[in-house]
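A structural walkthrough
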Amino acid sequence: VCLGLALLLLGKIPYARGAGVVLAMIKPQYAALAVLIMLTRDKQLLKTLIVPVLFFGVSLAVFGITWPIEWIRHSITNLPPHHWRLAAADIWPLGVLLLWVPFLFKDRRARFETGVIVSVLSSPVVGVYSYIIFLVFSAKKWWVFLLSYIWIIGYPFLGREAMRFGWALPLSMLLYLVLIQYKQDLPTGWLRGRLSQNQKG
């Protein structure tokens, strides 16, 4: 999934980006939003989609036309509960409400990074070990390392239930990216306002 997202983000050739879509969508619950975001900005969209469409067609021929529905049904009803997924079970309703946040970003890389983080936050079946998917692209600050282990504070009291607090990492990183974007836009917005007032004067 990480390799696929990297190809989608950095690939110069549309067919390479298409291969990235295929790899990233091996686990769509982790990457679907980020893939959608990148495709909406792809200037060679039709060429990029050739490889994913071909792979999807082959998968239907091999596994049957109903396999996507069966996969969704299995993910919802048959996935056994596990302490690694406690954080996702608690945070995903908020994550769904945040699906619009990545589209606030004008910068392509920032929109991609927030898309990956929100993808993880909005899925009820993501294990905390899969946070590596967004850490590969967004782990730039020292406090990210500390937040990765914040759940340990509750371990002596809650045992494995302390994993519920794993969502503190992606949510904090999302808030940080939003704050950085706000700070970048604030001077521009203030300056435009001042210029507008001067022109009216």
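What this report covers is the structure whose coordinates are included nearby. Note that residues are indexed from 1 along each chain, following the sequence as it is written. Residue-level local features of this predicted model are given only where pLDDT is at least 70; pairs of side-chain atoms are given and counted only at 80 or more, and the full residue set underlies all totals for whole chains, interfaces and linings. To obtain the side-chain values, all non-hydrogen atoms of the structure were used and water was disregarded.

**Side note on the overall build of the chain**
Assigned secondary structure in the chain consists of 11 helices and 0 strands. Burial statistics for the chain: of 201 residues in total, 38% are counted as buried. When checking whether two residues touch, look at their non-hydrogen atoms; a contact exists if any pair is within 4.5 Å. Residue pairs at least 24 apart in sequence account for 72% of intrachain contacts in the chain once pairs closer than 6 positions are excluded. For the chain, the accessible area works out to roughly 12,200 Å², and carbon and sulfur atoms hold 71% of it. Working definition: helices are DSSP H or I runs of at least four residues, strands are E runs of at least two. Numbering for both runs from the N terminus. In this scheme, a residue with accessible area under 20% of its type's maximum is buried, one over 50% is exposed, and one in between is partly exposed, where area comes from a 1.4 Å probe on protein chains only. Surface exposure here means Shrake-Rupley accessible area, sampled with a 1.4 Å probe, where a residue is shielded only by the protein chains that are shown.

**A closer look at the packing of aromatic side chains**
Where two aromatic rings form a pair, the distance of their centres and the angle of their planes describe that pair. Two rings from Phe, Tyr or Trp (for Trp, the six-membered ring) form a pair when their centres are within 6.5 Å of each other. A pair whose planes differ by under 30 degrees is stacked, one over 60 is edge-to-face, and the rest are tilted. Per the stated rule, a full pass over the model turns up 4 aromatic pairs. Aromatic side chains Tyr131 and Phe134 sit 5.3 Å apart centroid to centroid with 40 degrees between the ring planes, which places their arrangement in the tilted category. Both residues of the pair, Tyr131 and Phe134, belong to the buried class.

**What about the nonpolar core?**
Inside soluble globular proteins, nonpolar side chains tend to come together where they are buried. In plain words, nonpolar cores are sets of buried Ala, Val, Leu, Ile, Met, Phe, Trp, Tyr and Cys residues tied together by side-chain atoms within 4.5 Å. In terms of nonpolar packing, the biggest core is built from 43 residues, with Leu5, Val35, Phe112, Tyr131, Phe134 and Leu169 touching the most fellow members. Going through the elements one at a time, helix 1 (2–10), helix 2 (14–24), helix 3 (28–40), helix 6 (86–97), helix 7 (108–121), helix 8 (132–138), helix 9 (142–148) and helix 11 (168–200) are the ones with two or more residues in this core. The biggest single contributor to this core is helix 3, with 8 residues.

**Focus: empty space enclosed by the protein**
Only protein atoms enter the 1 Å grid, on which a cavity is a set of points fitting a 1.4 Å probe that cannot get out and a pocket is an open set with protein on both sides within 12 Å along at least 5 of 7 lines, lining residues being those with an atom within 4 Å of a point. Grid points are joined across faces, edges and corners, and a volume is the space filled by probe spheres set on the points. Taken as a whole and judged by the stated rule, the model has 1 cavity of 30 Å³ or more. There is about 30 Å³ of room inside the largest cavity. Lining the largest cavity are Ala88, Ile91, Val120, Leu121, Val126, Tyr131 and Pro170. Elements represented by at least two residues in the lining of the largest cavity include exactly helix 6 and helix 7. When residue character is reported, Ala, Val, Leu, Ile, Met, Phe, Trp, Tyr, Cys and Pro are called nonpolar, Asp, Glu, Lys and Arg charged, and the others, Gly included, polar. Of the residues that constitute the lining of the largest cavity, the class distribution is 7 nonpolar, no polar and no charged.

**Focus: the side chain of Ser59**
Here Ser59 shows up in helix 4 (residues 45–63). Since its relative accessible area comes to 11%, Ser59 is described here as buried.

**Describing a nonpolar patch on the surface**
In this scheme, patches are assembled from residues that exceed 30% relative accessible area and form no salt bridge. Like charges are connected within 9 Å, while nonpolar side chains (Val, Leu, Ile, Met, Phe, Trp, Tyr) are connected within 5 Å. The term salt bridge refers to a pairing of a side-chain nitrogen on Lys or Arg with a carboxyl oxygen on Asp or Glu at a separation within 4 Å. Together, Trp142, Phe145, Leu146, Tyr149, Ile152 and Tyr155 make up an exposed nonpolar region whose accessible area comes to about 730 Å². Take the nonpolar patch: its biggest share by element is 3 residues, from helix 9. Tracing the chain through its elements places Tyr149 in the loop between helix 9 and helix 10 (155–158).

**Points about the environment of Tyr129**
Within the secondary structure, Tyr129 sits in the loop between helix 7 and helix 8. For Tyr129, a relative accessible area of 47% gives the class partly exposed. Through-space distance from the C-alpha of Tyr129 to that of Arg85 is 9.1 Å; in sequence the pair is 44 residues apart. Among all residues touching Tyr129, those that are not within four sequence positions of it are Trp84 and Arg85.

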